Amino acid sequence: MASEQPQQGGIRLKVRVNGEQHESVVDPRMNLADYLREELRLTATHVGCEHGVCGICNVLVDGQTVRSCLMLAVQVDGKEVLTVEGLAEGGKLHPIQEAFIEEHGLQCGFCTGGFMMAICELFDRNPSPSEEEIKEVVGGQICRCTGYNAILRSVQNAAAKMGASRS
Amino acid sequence: MAIEIPKNLDELPTTRPRYVGRGIRRVEDVGLLTGRVEFVDDVVLPRMLHCAILRSPFPHARITGVDTQAAEALEGVAAVVTGEDARRWSLPAQSSPEGWGTHCIAGDKVHYVGEPVAAVAASSRRVAEDALELIEVDYEPLEPVADPFKAMKPESPQVLDAQETNVMLDRVFTWGDVDGAFAEAAHVFQEKFRWNRLGANPTETFGCISEWDPMSLDLTIHGSIQSPGMFGLGRAATFSLPSNKVNIISHAHGGSFGGKGGTRGCDISCLLSRKVDGRPVKWIEDRGEYLLSGGGQAWDRHYEVALAVDAQGIVSGLKVGLVDDLGATGEAYGAISAAKPLAAFTGPYTIPVAQYDLKLVATNKLPCGPYRGMGPPPHFFVLEQMMDIAARSLGEDPAEFRRKNFIPADQFPYTIASGNEYDSGNYGEVLDQVLALSDYSALRAAQVEARAEGRLVGVGVANAIEPGVFDWNAYAIVGMPGTGVPEGATVNIDILGNATVRVGFSLEGQGQYTLVCQLVADYFGYEPENVRVVQLDTQSAPPSFGPGGSRLGVAITGAVLGACERIREKMARVVAVLMQSEPENIEFMDGKFTLKGAPGAEMTVAEVAGTMLARSDLLPPDIDPRPEATHVWTAAGRTPADEEGRAKSYLTAAHAVHIVQVEIDPETGMVEIQRYCLADDCGTRLNPDTVEGQTEGSVVQGIGAALLEEYVYDEDAQPLTTSFMDYLMPTVFDAPKLEMVAVETPSPFTPLGAKGCGEGAIHTTPAAVMCAINDALAPLGTSAREVPAAPMRLWKLIKEARERASDENNNY
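All values derive from a computational prediction rather than experimental measurement. (Residues numbered from 1 in each chain as written. Chains lettered and ligands numbered in written order. Predicted model: local features only at pLDDT ≥ 70, side-chain atom pairs only at ≥ 80, totals over all residues. Heavy atoms only, no water.)

> Before we move on, can you summarise the domain arrangement of chain A with the specific residues and values?
Residues and elements named next belong to chain A. Domains assigned within chain A are domain 1 (11–86) and domain 2 (95–166). For domain 1 versus domain 2, the separation of C-alpha centres amounts to 21 Å. Residue-level contacts link 17 residues of domain 1 with 14 residues of domain 2. Carbon and sulfur atoms make up 60% of the area that domain 1 and domain 2 hide from each other, which totals about 1,200 Å². Taken together, the links from domain 1 to domain 2 amount to zero salt bridges. Taken together, the links from domain 1 to domain 2 amount to seven residue pairs in polar contact (both at pLDDT 80 or more). Taken together, the elements giving at least two residues each to the side of domain 1 that touches domain 2 come down to β3 (58–61) and β4 (64–67). (Domains from an automatic or database assignment. Contact = heavy atoms within 4.5 Å. Buried area = accessible area lost by both parts, 1.4 Å probe. Salt bridge = Lys/Arg side-chain N within 4 Å of Asp/Glu carboxyl O. Polar contact = N/O pair within 3.5 Å; in protein donor to acceptor, adjacent residues only side chain to side chain. Helix = DSSP H or I, 4+ residues; strand = E, 2+ residues; numbered from the N terminus.)

If you want it as structure tokens, here you go:
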């Protein structure tokens, strides 16, 4: 199997991921991306560069965007993690996911999760961001397929959708 | 019975196409957005091990010893392989020019930094990487060569021991009386250009899981593989296996752009699997490995170009000299990139004669592989600079200078000097559209004002041909044999009338599964979301190449429509029997079979399928009762290449004109793209939204090429760009707002008149941006001839130009 045998120096970790409580013993050097993917088998968090530049592995930790390749699993002890698997609920897509479909904001789809998580955090802070504010967030990650125009349209569309659902 | 594949949308058996020709929601998206699509690194197989690869820190060194004992003793390590295992169980890479391939793990000598030297299979990637640190390799460093001009000299260090030279190919291809054209020319323009190494960098690197059973010798590979069929044949050749012993299961992958690479790593995981008795071995390339030694470096080129122009300003001849640095071994089909320009050598122009002086050279750098466009983007970059040099020198507007050299719309199909035939085009119309879109005269007026204020504002006009639907014959000059690239699809209607289409390629991002659904929906009167597309592995799939060479949209359309036609033909025979008539009296439209002259006598596709499967007893014995058909589509009329490489190769010729406005900050050398307008014509647009997506993405990759991306090596061939901090990928801040307009000149040769369009804008963008930069620099009397036009390079040019100007002033 992917995971290693329980380690002698393993550290106990309690974390809530997408609303579900998990308890694990992890190698101190295991990063959060590997923990989510290998231990919890939540494989929607993709890994693009493993050095914190591309933003594809973004997850939310206590509501903050985090590069899961740069954070150790043990650092999320006692915290709340949201991943792409936590976006759609009850068989219904999240408005951000809907918007990406409508605006063709994805092609290969490998990087999209990282964008969506960062945008989730943006909307929590600022439900109606300006184009510059959107660019500030989108500018932190890399997409090789779309050329970003369609991603900007997707975020604007999502903001409109979520605004409409609030009012 | 011969089938007829619809040549245009009107020939589809529907009153009005409801889906083909429109943008629709992609069937791929929900799975991708929820993380349910399985990428290869998501796959876990029973008893799976993990591979890590030890790589050479030297560009050129003799290996005098490899000690793996300590690594093998580490807990969790299952096996270690070295060059010895590679020599025992595999052959050198077949993707190099003949005689230039090496084994997947170095033997006596390393040829570039990052070349595999040993590899470990262990219980986890972390343990495997720990084990790498315990492997002792003794190197005797040798003098490296990083510069292809030095490499061509007799006294140069030899990259490969097996060769007596570093020159893989040195030939001049001449098409027509080039010397005559240059002798008679009123003007001859010459210039040198440098295109630095860049590459694909898909967001997902390569990955695979290999299972090679040492008893049966069956080899199964899961992977993020762009061309599963070719990849499987390659592995069969490398491991001397019968091709039916190799099965490739390609997973959805996070982009490719030709640069997925991975063959060396995959071969190494196969060797490890064989050594551990067939247990699955996963190898996931990390980004550092990709940048250092992956499949994504391409086009390390030095050009010397000459253009002959007559007294009327008509271009009468073109000479292109190219020294192409293919890196150490030329593996991964890098040489193809130098051959592909033959498919569109003279661009959209009537240039009657041309010459290609081509040198493929080995150095101690990573072997170059494919990248989106596969060679023509640098070629058009130099051709379009030459057109600007000529226009500027003759005092002509760059748009109008191009226009008068265009192939006229009434001369298609048109055979170019290098042998390929362009299917159709309306270049003047495409130019008119983008001139109007950009309000070109206003751009020029604004430029005059900006120049008066001393600002460096430039407007670039550039255009290119995108060869579409590749054929192997285009690459004959670098030794690729053969003609014809088949693509197959099986369409099946089940007992309840639902359609499933089985194909041989995986999701990559271009939306081809959506296209398949659109086609079947319009053909049979279905809804696209009810059509299911299933990908088969290579042992089950119909013949398939998959995406590549801007072919799949056209090819899969031919395959799917061909299969639909075959089902219709078979069903019409069934309906004829049931209605006690003849097949020629049965008509098919909007999903219904009707009997001519018998109103009310009709059957739906579902009814016919249900009858065929549930009541096959009613069918005549010569009818196969499956409502299923496979069609294999291949481009018609392709010809073998002649001695000079001339062939009818790529089936379609798409065209685009881009107009770009830039401003350069003279204090920093930074380029700001202020407007980006384009018009393009890729024939019938089967899904305009996905075509637009390909264009938008390709423009930004082209901007990366023009301004940012470069794999830098020092003079000792040490790579200096091994992270995304050093290799600069475009972000949203580098992506201009795009203004686009479409022209549709259908191809007379393809299903529905569509042309290849997936590689797209990268053919034109680097040229257009560079034309704009040089237009901005023109008042300073300097020009940039090297991409990327990074701030440091432009700043230096501007500074030198100003110093020259002030020296001249001082001399007065």
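> I'd love a proper account of unusual backbone geometry, names of residues and values included.
Leaving glycine aside, a negative phi is the common case for residues, and trans is the common case for peptide bonds. The omega angle of the peptide bond from F412 of chain B to P413 of chain B is -5°, so this bond is cis rather than trans. Here the bond from V787 of chain B into P788 of chain B is cis, since omega is -5°, no more than 30 degrees from zero. Inspection of the secondary structure puts P788 of chain B in the loop between β29 (786–787) and α20 (791–811). With phi around 75°, Y148 of chain A is a residue other than glycine that occupies positive phi space. Its place among the elements puts Y148 of chain A in the loop between α4 (131–138) and α5 (149–166). Look at Y148 of chain A and you get buried, because its relative accessible area is 0%. With a phi close to 55°, F257 of chain B is a non-glycine residue in the positive phi region. By the element assignment, F257 of chain B lies in the loop between β11 (246–250) and α8 (263–275). (Buried < 20%, exposed > 50% of the residue type's maximum accessible area, 1.4 Å probe, protein only.)

> Outline the pattern of salt bridges, supporting the account with residue identities and numerical values.
Residue and element names in this part refer to chain B. For the structure on display, the rule yields 68 salt bridges over all chains. Among the ionic pairs, E289 bridges to R55, the shortest N-O distance being 2.9 Å. Residue E289 is located in helix α9 (residues 287–293), and its partner R55 is located in strand β1 (residues 49–55); the two are separated by 234 residues in the primary sequence. Both residues of the pair, E289 and R55, count as buried. D775 serves as the salt-bridge partner of R451, at 3.7 Å between the closest nitrogen and oxygen. Linking R451 in helix α14 (residues 440–452) with D775 in helix α19 (residues 765–777), this pair joins segments that are 324 residues apart in sequence. Judged by relative accessible area, R451 falls into the partly exposed class, the value being 32%. Bridged by salt links that share partners, the residues R55, R125, E129, D286 and E289 form one connected network.

> Before we move on, could you go through the interface of chain A and chain B and cite the residues and values that matter?
Contacts between the two partners involve 53 residues from chain A, matched on the other side by 57 residues from chain B. Summing both partners gives a buried area of about 4,500 Å² for chain A against chain B, and 56% of it is carried by carbon and sulfur. Summed over the three residues of chain A that lose the most area to chain B, namely H104, Q107 and R144 of chain A, the buried surface amounts to 18% of that side. Applying the counting criterion to the chain A and chain B interface returns nine salt bridges. A salt bridge links E131 of chain A to K737 of chain B, with the nearest nitrogen and oxygen atoms 3.2 Å apart. At the surface where chain A touches chain B, the tally comes to 25 residue pairs in polar contact (both at pLDDT 80 or more). Secondary structure elements with two or more residues in the side of chain A that touches chain B: α1 (32–39), α2 (95–102), α3 (112–125), α4 and α5 of chain A. Per-element tally for the side of chain A that touches chain B: the top contributor is α2 of chain A, with five residues. By residue class, the composition of the side of chain A that touches chain B is 26 nonpolar, 13 polar and 14 charged. (Nonpolar A, V, L, I, M, F, W, Y, C, P; charged D, E, K, R; others polar.)

> Could you give me a rundown of the sheet that holds strand β22 (residues 586–589) of chain B, with the residues and numbers involved?
To summarise the sheet geometry, strands pair through backbone hydrogen bonds and adopt either a parallel or an antiparallel arrangement. Residue and element names in this part refer to chain B. Reading across from one edge, β22-β23-β24 is the order of the three strands in this open sheet, with antiparallel pairing throughout. One side of each edge strand has no neighbouring strand; the edge strands of this open sheet are β22 and β24 (602–604). On average, each strand axis in the sheet is inclined to that of its neighbour by 25°, with strand direction left out of account. Two elements, β22 and strand β23 (residues 592–595), share four bridges in a ladder whose sense is antiparallel. Directly across from F588, in β23, lies its bridge partner F593. (Pairing = 2+ DSSP bridges. Axes fitted to C-alpha atoms, helices over the stretch in contact; angles between N-to-C directions.)

> Lay out helix α12 (residues 398–405) of chain B with the relevant residues and their values.
Residue and element names in this part refer to chain B. Inspection of α12 places P398, A399, F401, R402 and N405 among the buried residues, and these make up the whole buried set. Seen from one end, α12 has its buried residues packed into an arc of 165°, which puts them on one side. Between a side-chain oxygen at the N-terminus of α12 and the backbone nitrogen of A399 the separation is 2.8 Å; the capping residue is D397. (Arc of directions from axis to C-beta.)

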